[in-house]
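Overview (structure and organization)
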Amino acid sequence: MEKSINFYKLLLQQDPIYMNEERWVTFKCGQTVSLYNKEYDQKIIENHKCFNQEYIDDFFIEDDEKKNNIMILNFEVDNLKAEYERLLSLNIGEVSKLMYVNVHMPYWYFNIKDPDGIF
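Residues numbered from 1 in each chain as written. Predicted model: local features only at pLDDT ≥ 70, side-chain atom pairs only at ≥ 80, totals over all residues. Heavy atoms only, no water.

**Things to note about the nonpolar core**
Where we set the bar: Take the buried residues of types Ala, Val, Leu, Ile, Met, Phe, Trp, Tyr and Cys, join any two whose side-chain atoms come within 4.5 Å, and each joined set is a nonpolar core. Three exposure classes are used, based on accessible area relative to the maximum for each residue type with a 1.4 Å probe and protein chains only: buried under 20%, partly exposed in between, and exposed over 50%. For the purposes of this entry, the term helix denotes a DSSP run of H or I that reaches at least four residues, the term strand denotes a run of E that reaches at least two, and both are numbered from the N terminus. Working rule for contacts: check all heavy atoms of both residues, and any pair within 4.5 Å makes them a contact.
By size, the foremost hydrophobic cluster in this structure holds 13 residues, and its most contacted members are Ile45, Phe51, Tyr55, Val101 and Val103. With three residues, helix H3 (residues 53-59) is the single largest residue contributor to this core. In contact with valine 103, not counting residues within four places along its chain, are Arg23, Tyr40, Asp41, Ile44, Cys50 and Phe51.

**Focus: the sheet that holds strand E2 (residues 24-29)**
Paired through backbone hydrogen bonds, the strands of a sheet run either parallel or antiparallel to each other. Rule in force here: Here a strand pair is declared whenever DSSP counts at least two bridges between the two strands. Helix axes use the C-alpha atoms of the stretch in contact, all axes being lines fitted to C-alpha atoms, and the angles between their N-to-C directions lie in the range 0 to 180 degrees.
Taken in spatial order, the three strands line up as E1-E2-E3 in an open sheet, and their pairing is antiparallel. The open sheet terminates on both sides in strands that have one partner only, identified here as strand E1 (18-20) and strand E3 (31-36). Averaged over all pairs of adjacent strands, the angle between strand axes in this sheet comes to 15°, irrespective of strand direction.

**Comments concerning the environment of tyrosine 109**
You can see tyrosine 109 is positioned in strand E5 (residues 106-109). With a relative accessible area of 15%, tyrosine 109 lands in the buried category. Between the C-alpha atom of tyrosine 109 and that of glutamate 76, which follows or precedes it by 33 residues, the distance is 9.4 Å.

**Some details on the pattern of salt bridges**
The line we're drawing: The working definition used for a salt bridge is a side-chain nitrogen of Lys or Arg within 4 Å of a carboxyl oxygen of Asp or Glu.
Using the criterion set out here, one finds five salt bridges in the structure. For lysine 9, the salt bridge identified is with aspartate 15, shortest N-O distance 3.7 Å. Classification of lysine 9 as partly exposed rests on a relative accessible area of 30%. Its relative accessible area of 52% is what places aspartate 15 among the exposed residues. Between lysine 113 and glutamate 94 there is a salt bridge; the shortest N-O distance is 3.6 Å. Placement of lysine 113 in the segment after E5 and of glutamate 94 in the loop between helix H4 (80-90) and strand E4 (99-102) is noted, with a sequence separation of 19 residues between them.

**Some points on the pairing of E5**
Note that E4 and E5 share four bridges and pair antiparallel. The partner of tyrosine 100 across the bridge, within E5, is tryptophan 108. Linking E4 to E5, which pair antiparallel, is a turn of three residues.

**Remarks on the packing of aromatic side chains**
What counts, and what does not: Two aromatic rings from Phe, Tyr or Trp, using only the six-membered ring of Trp, form a pair when their centres are within 6.5 Å; if the ring planes differ by under 30 degrees the pair is stacked, by over 60 it is edge-to-face, and anything between is tilted. Remark: a charge is flagged as sitting over a ring if the NZ atom of Lys or the CZ atom of Arg is within 6 Å of the ring centre and within 35 degrees of the ring normal.
Summed over all chains, the structure comprises eight aromatic pairs. With a centroid separation of 6.3 Å and 75° between ring planes, the pair formed by tyrosine 55 and tyrosine 109 is classed as edge-to-face. With tyrosine 55 in helix H3 and tyrosine 109 in strand E5, this pair connects stretches of sequence that are 54 residues apart. Across the pair, tyrosine 109 and tyrosine 55 agree in class, each one buried. By way of ring pairs, the aromatic residues Trp24, Phe51, Tyr55, Phe59, Phe60, Tyr107 and Tyr109 are connected into one cluster. Seen from the ring of phenylalanine 59, lysine 38 lies directly overhead, with NZ or CZ sitting 5.1 Å from the centre.

Written out as structure tokens, the structure is:
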């Protein structure tokens, strides 16, 4: 994670706008770019208060195309449930279940697989 943080600090010529320990870092470059360290969640996953069951089930899926292992693009919307339903109805890519995480702050999210097979 430290190498990635340093890489993006140099690449984007800026410090992160948000960091929490070794789990997550966010840079702002027009929109935001975030890095996620899966090993952090691996250490605390037994604490079910931090995650819903959908997140835990998804976390342990062994998949060569596992999402959230390289780069994450976050898009914030005013109504996540409505956007989730909209994307499901468009049928433009595989959509995950809604997942809940509360490590340093609570949030809900979902993934959608793009045409290249990347979540």
